[in-house]
Amino acid sequence: MPASTPSRRVVLAGTAATAALTAVPFVPGQALAAAPTATAAPAYRWRNAVIGGTGFVTGVLFHPSVRGLAYARTDIGGAYRWDDRTARWTPLTDHLGSDDWNLLGVEAIAVDPAHPDRVYLALGTYTQSWAGNGAILRSDDRGATWTRTDLGVKLGANEDGRGTGERLLVDPRDSNTLWLGTRHDGLLKSTDRGATWAAVTGFPASPSATGQGVTFLVAAGRTLYAGWGDGDGTAGAKNLYRTVDGTTWEAVPGQPSGTAAKVPIRAAFDRGTGHLYVTYANAPGPNGQSDGSVHKLCTLNGKWTEVTPVKPGGTAADGSADTFGYGGVAVDVRRPGTVVVSTNNRWADIDTLYRTTDGGRTWTSLKDTAVFDVSETPYLKWGQDKPKFGWWIQALALDPYDSRHIVYGTGATLYGTRDLKNWAPQIRGLEETAVRLLISPPAGEAHLISGLGDIGVMYHESLTASPSRGMASNPVFGSAMGLAQAAARPAYVVRTGWGDHGNGAYSNDGGQTWAPFEAQPSIAKDAPGPIATNADGSVLLWVFVHSDGTKYPAHRSADNGATWSEVTSFPKGATPVADPADPTLFYAYDTDTGTLYASTDSGRTFTARAAGLPSGDSQFKLVAAPGRSGDLWLSANWEGLYRSTDGGASFSKTAGVAASECLGFGRAADGADYPAIYQVGRIGTVTGVHRSDDEAKTWVRINDDQHQWGWIGTAVIGDPRVHGRVYLATNGRGIQYGEPS
């Protein structure tokens, strides 16, 4: 993802939920009436609100034995299977739930050429102490069903080096034998198709707690090669190893050295010529690379030859240094000597693919003749007249059944061509957005406006096509941090986020077009945070929180962002909530102290009301029920769900809700006098997405075990115009929306 934004992952923390408590005002320890339970789920159909990609596709793998079959992996959004007949990706890991959120990052994929229906995934997003261990999934039906083995080591699919080659490999000698390269625990081996694993003894390289470890595993005939990412680039350092018998490993003789060959990124074997092609960089990427090279090894005689298309370090057209590394590499199995490689982290002169048909003696840049059609996903223009060729290009694949079908991944999409000239996103069905904010307007063309990680804000005039306006512009944001709509004036919408040309904007047409605030507080550029607008759109409250967690005073504007004044009594870092019925009322929940603050003078001053509520978790969320004044709901994760009907003077704990991560409202059921409530959490012992049509007295779970999407605790909201329709924010699987089927 673009590097100018904070992390896309928020880690949940919490303790086990206690029994239902309380009354008014909040007094810990008192019991309520019998708790409701979640009833059997009604039939719901879940789909993505289409955007198209939006995340870093870290690997693409065509099956060598099946025409039209491919797999893709992502850094935080799971794995996918491609079907050429439908021209669509199918998600394969949506069954993983919140307890397994760390498994939505895919470190590697492996297929078995001898058994076309077999596929393996190495899962694990982070290697830090707070993340769980990795896991191996194996399937005999192309990912329709899985068998799982939990590992004793951690994998890092969303860490540096995530775009290097596949670290998982089926041994070409024996389909029961698999190899797994790890970052910090060396090389592992399984002899029972991934059911059990053991460390490989005698592997020459020594892992460290902070290194890259194995960067790829690739077979060249019956010989296996392993890239090693922890060399220092000096002449004596080794970063490529091999085994010819599956038992003894050795450093490959004569391998290149130096800064430009410090880290082997990917490798591909041309069986027609017997050459192994290896791309190198001076860092694992996707960021931080400024040098690199391409070399080929003749496996028949051990001779190395440098075949770098263009050496980094020249001068770009704008006069800046043309620094970059090399990333992806793919060979044409139908045409020996035909190879494609990618540059990576080439910001000055823009990344490209180089193609050779003579084994690397001469190269052609495919960018120079490329014609792009991004009409299916207009956001790829990034607010400009045309899209870039790409960035973070490390995933690269060449169809073994079609020499002119090349696919490469970027930080936002997959591009494909069938003629080496015309390119378009090959992304249908693959949705990887990390979603932060959702609004479902009560009127207007769009039923959904979203605030997203990395790609700003979007106006969804259709749920089945990527927004035609692309990313909200004027200005363009990276990650959105705030999104709000005036309850009594829905044409007025405001947004905040990370950007280089302003960090706040307003719309007077419901989010279709935008203009920047005339002015903004000086802290806004470095710490843009949530924003709220009161019911009639006459007052704005903007909060500022730096990506390192530092909290700053909130600011208020009563002239549409022309001037701002500090609100000293607002709790620093709290998310402002506007009363939907009374424009003079605002609320804020201080998660540090467990105190509800309120303003009765349009946000000029705030005073404490209820205290002694749950504290210590910045992910607690306060929302206001639509059309009512003072009706507040507090999602306190594993401390449950609380409600106030007196503007925060007192709260009572909702019985039966063991955990509440987020909550939202939608159109009331026929005959009901209260909006439908949607909640991500646990009702009794049932974890999932729930709906209540009777003011939280009873709940039904509306997702199922095959539709869980990892961690989904950021935002959920119902449609105010369609009862039963709900929009759900995921952290890497885009916007899911569900409707009764």
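What comes next concerns the included structure.

**As for the pairing of strand E43 (residues 551–557)**
- Across the 7 residues that make up E43, a large majority, 5, are buried.
- Summarising the sheet, strand E42 (residues 540–545) and E43 pair through 5 bridges and their orientation is antiparallel. Residue pairing for E43: Leu540 is matched across the bridge by Ser557.
- Count of turn residues in the E42/E43 antiparallel hairpin: 5 residues, of which Gly549 carries a positive phi of about 100 degrees.

**Re the side chain of Asp351**
- Note on placement: Asp351 falls in the loop between strand E26 (339–344) and strand E27 (353–356).
- Of the side chains with opposite charge, Arg346 comes closest to the buried, unpaired Asp351, at an N-O distance of 5.8 Å.
- Within the structure, Asp351 has its side chain in polar contact with the backbone nitrogen of Asn344 (distance 3.0 Å).
- A polar contact is formed between the side chain of Asp351 and the backbone nitrogen of Asn345, at a distance of 3.4 Å.

**Description of the environment of Trp709**
- Here Trp709 shows up in the loop between strand E56 (699–701) and strand E57 (716–718).
- Taking relative accessible area as the criterion, Trp709 reaches 2% and is therefore assigned buried.
- As for Trp709 and Gly77, which are separated by 632 residues in sequence, their C-alpha atoms are 8.5 Å apart.
- In contact with Trp709, other than residues within four places in its own chain, are Trp46, Asp94, Leu96, Asn703, Leu728, Thr730, Arg733 and Gln736.

**Some remarks on the pairing of strand E35 (residues 448–452)**
- E35 sits mainly inside the fold: 5 of its 5 residues count as buried.
- Burial along E35 is two-sided: Leu448, Ser450 and Leu452 facing one way and Ile449 and Gly451 facing the other are all buried.
- Note that strand E34 (residues 435–439) and E35 share 4 bridges and pair antiparallel. Bridge pairing in E35 places Val435 opposite Leu452.
- Both E35 and strand E36 (residues 456–460) contribute to a ladder of 5 bridges, which runs antiparallel. When the sheet's bridge partners are listed, Leu452 is paired in E36 with Gly456.
- In this antiparallel pair of consecutive strands, E35 and E36, the connection spans 3 residues, and Asp454 shows a positive phi of 75 degrees.

**A short note on the sheet that holds strand E13 (residues 187–190)**
- In space, the 4 strands of this open sheet follow the order E11-E12-E13-E14, with antiparallel pairing throughout. For this open sheet the edge positions go to strand E11 (168–170) and strand E14 (198–199), each flanked by a neighbour on one side alone.
- Across 3 bridges, the pairing between E11 and strand E12 (residues 178–181) is antiparallel. Each bridged residue has a counterpart across the sheet, and for Leu168 the counterpart in E12 is Leu180.

**Observations regarding the nonpolar core**
- Residues Leu353, Tyr379, Ile406, Tyr408, Leu438 and Ile735 are the most contacted members of the largest nonpolar core, which totals 36 residues.
- Mapped by element, the contributors of at least two residues to this core are strand E30 (396–398), strand E31 (406–409), E34, E35, strand E58 (726–729) and strand E59 (735–740).
- Among the nonpolar cores identified, the runner-up in size contains 17 residues, and Leu92, Leu96, Leu104 and Leu137 belong to it.

How each quantity is defined
- Residues numbered from 1 in each chain as written.
- Predicted model: local features only at pLDDT ≥ 70, side-chain atom pairs only at ≥ 80, totals over all residues.
- Heavy atoms only, no water.
- Buried < 20%, exposed > 50% of the residue type's maximum accessible area, 1.4 Å probe, protein only.
- Helix = DSSP H or I, 4+ residues; strand = E, 2+ residues; numbered from the N terminus.
- Pairing = 2+ DSSP bridges.
- Lys, Arg positive; Asp, Glu negative; His and termini not counted.
- Salt bridge = Lys/Arg side-chain N within 4 Å of Asp/Glu carboxyl O.
- Polar contact = N/O pair within 3.5 Å; in protein donor to acceptor, adjacent residues only side chain to side chain.
- Contact = heavy atoms within 4.5 Å.
- Core = buried A, V, L, I, M, F, W, Y, C linked by side-chain atoms within 4.5 Å.

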